[in-house]
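Coordinates in review
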Amino acid sequence: MSSALEQDSSLRLLALGDGFIYARALHLAAELGIADLLADGPRPAEELSRLTATDPGTLHSMLRALAGCGVFTEQSPGCFALTAVGECLRSDHPRSVRTTIAQSGRITARAFQHADHALRTGDGAFTEAFGQPFWEFLRDNPEEGAAFNTAMQEHSRVERGTIVEAYDFPDTGRIIDVGGGDGTLLAAVLQARPKTTGVLFDLPHVVERNCIGDVGLAERCEVVGGDIFGELPSGGDLYLMKSVLHGWTDHDVLTILRGCRRAMKPDSRLLLIERVIPPGDVPHTSKAFDFAMHVMAGGQERTGDEYTRLLAEAGFAVGRVIATGSVQSIVEAVLHGS
Ligand SMILES: C[S@@+](CC[C@H](N)C(=O)[O-])C[C@H]1O[C@@H](n2cnc3c(N)ncnc32)[C@H](O)[C@@H]1O
């Protein structure tokens, strides 16, 4: 029966079309803090509805839908508990993604209502939806700005171990993380290589809230506020840029890469850490993110060849593209002719 259902193309399309129902349910569960309320054990939907000021029948229905895809489990009729997947919606889980998902509901979902604008014009739809470009919006709405930085930290927390494992980071030297957010990745690299020093570089209001002091790295890591389109910290041995270039058009990427080249020494290396799109139809999160970056920012994810071409145009030669145990790959580049 079920394999007959799976083979039915119409049903498959209908299920794909209904994907937004699960996404919205998940956004709302994250926003309401349902997983935090279940942290100490199962609770009836009625009690959860009182605690979240929601309608009991509708909340029960939402939780049951999410139980159907493994986020919660309905232990006894009307009584819900967390699964291992749902645990990661808890605010205090070490691999929490609650802020990312809740913000996706407030921001990404709203921008996606204007996806048709992006599709027709090739420009991102964010300004259409929010009245100003993405980075300006985050600057002018500090609560959303802080939530975005937490969301980036959540991604980096999940991915940093695999990145540090996949690349043979040098034992010594100065490592500069350009667009490094709160410093979660750079801190992991510096902790893995105790003789290195670092520079965390991002927009001034972003680096203000960094994790460097909290993890005891203030002595080894400088924190610099600035603009990636301006002057970058010079003389580093290794430059990192994680999830930065995917937010920009090819034209802007070339400007950023050329700025990086100017800041580098002849023997410096540059690592682009991005969701590199694999060839063919193989499912990969980079493909959905590529569409999302087009819709949100007029940016894009790229294939290995596309990064190689942009890097070559900016004066770099690509050494290797290294897969990691996460959705991120590492594109290693050196200055051309070095
Ligand atoms: C998608 S986030 C990635 C953050 C971090 N590298 C990570 O992976 O967690 C992109 C970063 O680029 C920074 N950024 C955007 N525009 C910038 C600019 N003009 N100058 C410096 N940084 C900028 C943002 O503040 C943000 O921290």
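Residues numbered from 1 in each chain as written. Predicted model: local features only at pLDDT ≥ 70, side-chain atom pairs only at ≥ 80, totals over all residues. Heavy atoms only, no water.

With respect to the site of the ligand
Put simply, the rule reads: In these notes, residues near a molecule or strand are those with any non-hydrogen atom within 4 Å of it. Side-chain atoms alone can form a polar contact between residues adjacent in sequence; in general such a contact is a pair of N or O atoms within 3.5 Å, and within protein one must be able to donate a hydrogen while the other accepts it. Exposure was quantified through the Shrake-Rupley algorithm and a 1.4 Å probe, taking into account, for residues, occlusion by the shown protein chains and nothing else. Each helix corresponds to a stretch of at least 4 residues labelled H or I by DSSP, and each strand to a stretch of at least 2 residues labelled E; elements are numbered beginning at the N terminus. Charged means Asp, Glu, Lys or Arg here, nonpolar means Ala, Val, Leu, Ile, Met, Phe, Trp, Tyr, Cys or Pro, and polar covers whatever is left, Gly included.
As a structural note, the neighbourhood of the ligand is formed by 16 residues, with G179, D202, D227, I228 and K242 the closest of them. Contact distances for the ligand include 2.8 Å between a nitrogen atom and a backbone N or O atom of I228. Measuring from a nitrogen atom of the ligand, one finds a backbone N or O atom of K242 at 2.8 Å. About the coverage of the ligand: the protein hides 94% of its 590 Å² of free accessible area. If one sorts the elements of the shell around the ligand by residue count, helix α12 (residues 142-166) sits on top with three residues. Split by residue class, the shell around the ligand holds seven nonpolar, six polar and three charged.

Side note on the environment of I228
We count it as follows: Working definition: with a 1.4 Å probe on protein chains only, accessible area under 20% of the residue-type maximum means buried, over 50% means exposed, and in between means partly exposed.
Residue placement: I228 occurs in the loop between β6 (221-225) and β7 (238-242). Given a relative accessible area of 13%, I228 falls into the buried group. Sequence-wise, I228 and T58 are 170 residues apart; in three dimensions their C-alpha atoms are separated by 46 Å.

Things to note about the side chain of H246
In this fold, H246 is placed in the loop between β7 and α15 (250-263). For H246, a relative accessible area of 9% corresponds to the buried category. A polar contact of 3.3 Å, which involves the side chain of H246, links it to the backbone oxygen of S243.

Looking at the pairing of strand β2 (residues 72-76)
Look at any regular strand and the pattern is simple: side chains alternate between the two faces of the sheet. Where we set the bar: Each pair of strands is called paired provided DSSP finds at least two bridges between the two strands.
Bridge count between β2 and strand β3 (residues 79-82): four bridges; the pairing is antiparallel. Directly across from F72, in β3, lies its bridge partner L82. Counting the residues between successive antiparallel strands, the hairpin from β2 to β3 contains two residues, one of them, G78, with a positive phi of roughly 80 degrees.

Focus on the side chain of E154
Cut-off, in case you're wondering: Neither His nor the chain ends is counted toward charge; the positive residues are Lys and Arg and the negative residues Asp and Glu. Any carboxyl oxygen of Asp or Glu within 4 Å of a side-chain nitrogen of Lys or Arg constitutes a salt bridge here.
Inspection of the secondary structure assignment puts E154 in helix α12. This buried residue, E154, is left without a salt bridge; R157 holds the nearest opposite charge, at 4.9 Å.

Focus on the pattern of salt bridges
As enumerated under the stated definition, the model contains 17 salt bridges in all. For E159, the salt bridge goes to K242, with nearest N and O atoms at 3.0 Å. Highlighted residues: E159 in helix α12 and K242 in strand β7, separated in sequence by 83 residues. As far as the burial class goes, E159 and K242 line up, both buried. Each of D250, R302, R309 and E313 takes part in a single network of salt bridges with overlapping partners.

Quick look at the domain arrangement of the protein
For clarity, the cut-off: The split of the chain into domains comes from an automatic or database domain assignment.
Each domain of the protein was delimited in the assignment, giving domain 1 (2-96) and domain 2 (157-335). For domain 1 and domain 2, the distance between their C-alpha centres works out to 35 Å.

Brief notes about helix α16 (residues 285-297)
So the rule is basically this: A helix is expected to span 1.5 Å multiplied by its residue count minus one. The contact definition used throughout considers only heavy atoms, calling two residues in contact when any of these lie within 4.5 Å.
Compared with an ideal rise of 1.5 Å per residue, which puts 13 residues at 18 Å, α16 spans 17 Å between its outermost C-alpha atoms and is within 8% of the ideal. When α16 is considered as a whole, its buried residues turn out to be S286, D290, A292, M293, V295 and M296. At its buried positions, α16 is contacted by α8 (98-112), α9 (115-121), α10 (126-130), α11 (134-140) and β9 (276-277). G298, located one to two residues past α16, shows a positive phi value of around 70 degrees.

Points about the sheet that holds strand β4 (residues 172-178)
Strand pairing in a sheet relies on backbone hydrogen bonds. The paired strands run either parallel or antiparallel. Selection criterion: Every axis corresponds to a line fitted to the C-alpha atoms, with the helix fit spanning only the stretch in contact, and the corresponding angles, defined between N-to-C directions, vary from 0 to 180 degrees.
If you trace the seven strands from one edge of the open sheet to the other, you get β6-β5-β4-β7-β8-β12-β11, paired in mixed fashion. The outermost strands of the open sheet, each flanked by one partner alone, are β6 and β11 (316-323). Strand-to-strand twist of the sheet, defined as the mean angle between neighbouring strand axes without regard to direction, takes the value 20 degrees. In the packing of helix α13 (residues 184-192) onto the sheet, contacts are made with β4, β5 (195-202), β6, β7 and β8 (269-274), and the angle to β5 comes to roughly 175 degrees.

Regarding the packing of aromatic side chains
Applied cut-off: Side-chain rings of Phe, Tyr and Trp, where Trp is taken by its six-membered ring, are said to pair if the distance between their centres is within 6.5 Å; with planes under 30 degrees apart they count as stacked, over 60 as edge-to-face, and otherwise as tilted. When the NZ atom of lysine or the CZ atom of arginine is within 6 Å of a ring's centre and also within 35 degrees of its normal, the charge is said to sit over that ring.
The full count for this structure, using the stated rule, is ten aromatic pairs. Ring pairing ties together the aromatic residues F126, F130, F134, W135, F137 and F148, which thus form one cluster. Across from the ring centre of F130, 4.0 Å away, lies the NZ or CZ of R110, which sits over that ring. Directly above the aromatic system of F289 lies the positively charged group of R275, at a separation of 3.5 Å from the ring centroid.

A few points about the sheet that holds β3
Reading across the sheet, the three strands line up as β1-β3-β2 and stay open at both edges, with antiparallel pairing between neighbours. Strand pairing shows two members of the sheet lacking a second neighbour, β1 (43-44) and β2, which therefore form its edges.

Observations regarding the nonpolar core
Counted only if it meets this: What makes a nonpolar core is a set of buried Ala, Val, Leu, Ile, Met, Phe, Trp, Tyr and Cys residues whose side-chain atoms join them at distances within 4.5 Å.
By size, the foremost hydrophobic cluster in this structure holds 29 residues, and its most contacted members are M241, L257, L270, L272 and F316. Counting residues per element, the ones that place at least two in this core are β4, β5, β7, α15, β8, α17 (304-313) and β12 (329-335). Sequence-distant contacts of M241, defined by excluding residues within four places in its chain, comprise V178, I256, L257, C260, L270, L271, L272 and I273. The next biggest cluster of nonpolar side chains, apart from the first, holds 23 residues, and it includes L186, A187, C221 and I273.

With respect to α13
Along α13, seven of the nine residues are buried, which leaves the element largely enclosed by surrounding structure. What α13 keeps buried is the set T184, L185, L186, A187, A188, V189 and L190.

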